[in-house]
Amino acid sequence: MTDPKVRSAITGALTAFTKYGSFDAAALTEKFDTVFASDDDFMTKVDSLDAVFDDYSQLEELREPFFDLLMINFFSEDVKKLEDDYLETPEWEEIEEKTLDRGTELLNLLLYLNECEDENIDPELEDYLKEFLLVDEDEFQDEYRIYEPVIAHQLLIESPVSEVNKVAKTIDVESEVKELFYPMICFFQNPEASEGDKTNIADNAVNKPFDMAVLEILFSFK
């Protein structure tokens, strides 16, 4: 099964990637639907997902964000078919070990947005950093390190997206949030963005196909 929000995110991301790029990613929607809806075990689905990206190198930059979506779908749907304590089993620990180098910080963002929905609260950057990631707590200094560029530029929430673009381009290439910086800040600026707002975001994007695909994923989960 595919979680409805995940299906919406897949469709939105592929449509945006097509609209702002030069490849018809939307034509692959059914291929991704098949992978996500499969009853295969998680690692088999990872292999199936990778096979699609291996066949269509034009989509490569969406490989890891789509891995994040596959993980979210596992937590939302697939785990329902497993034992209640499956996420505490050696089998799941082995999967986590095998996939340590997969995915992006988009996964944490999506988990946060699901929590916002559960608790009926609006997503806010400060809440995400301090209450969800706990970056101010001593035991969560890894999160602080990862999000340091975001923490240092929180005031961009009140700035034009053109300023977000300028700062995004200065983020260290080694930063784990470099690629996500622009869409993340733009999303938290305006989680209810209109089509006009999205056009403005696209006009100032660092990497239009990727940035807008990620934004559509986030809008699907808000």
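Each value, and the rule that gives it
Residues numbered from 1 in each chain as written. Predicted model: local features only at pLDDT ≥ 70, side-chain atom pairs only at ≥ 80, totals over all residues. Heavy atoms only, no water. Salt bridge = Lys/Arg side-chain N within 4 Å of Asp/Glu carboxyl O. Helix = DSSP H or I, 4+ residues; strand = E, 2+ residues; numbered from the N terminus. Buried < 20%, exposed > 50% of the residue type's maximum accessible area, 1.4 Å probe, protein only. Axes fitted to C-alpha atoms, helices over the stretch in contact; angles between N-to-C directions. Left-handed = near helix turned anticlockwise from the far one by under 90°. Contact = heavy atoms within 4.5 Å. Nonpolar A, V, L, I, M, F, W, Y, C, P; charged D, E, K, R; others polar.

Engineer: Just give me the short version of the pattern of salt bridges, but keep the residues and values in it.
Structural biologist: Enumeration over the complete set of coordinates arrives at 12 salt bridges. Residues Glu 64 and Arg 102 are paired through a salt bridge, measuring 3.0 Å at the closest nitrogen-oxygen approach. Here Glu 64, found in helix α4 (residues 63-76), pairs with Arg 102, found in the loop between α5 (90-98) and α6 (106-119); they are 38 residues apart in sequence, far enough to count as distant. With its nearest N and O atoms 3.2 Å apart, the salt bridge here joins Glu 216 to Lys 198. One end of the pair, Glu 216, is in helix α13 (residues 208-221); the other, Lys 198, is in helix α12 (residues 195-203), with 18 residues separating them in the sequence. One exposure class covers both Glu 216 and Lys 198, and it is buried. Each of Asp 50, Asp 54, Glu 60, Arg 63, Glu 64 and Arg 102 takes part in a single network of salt bridges with overlapping partners.

Engineer: Explain the packing of α4 against α6 residue by residue, including any values.
Structural biologist: Relative orientation of the contacting elements α4 and α6 amounts to 40°, with a least axis distance of 9 Å. As α4 runs across α6, the sense of the crossing is right-handed. Contact residues: α4 offers Pro 65, Asp 68, Leu 69, Met 71, Ile 72, Phe 75 and Ser 76, while α6 offers Leu 106, Leu 107, Leu 110, Leu 111 and Asn 114. Of the residues that constitute the contact of α4 with α6, the class distribution is nine nonpolar, two polar and one charged.

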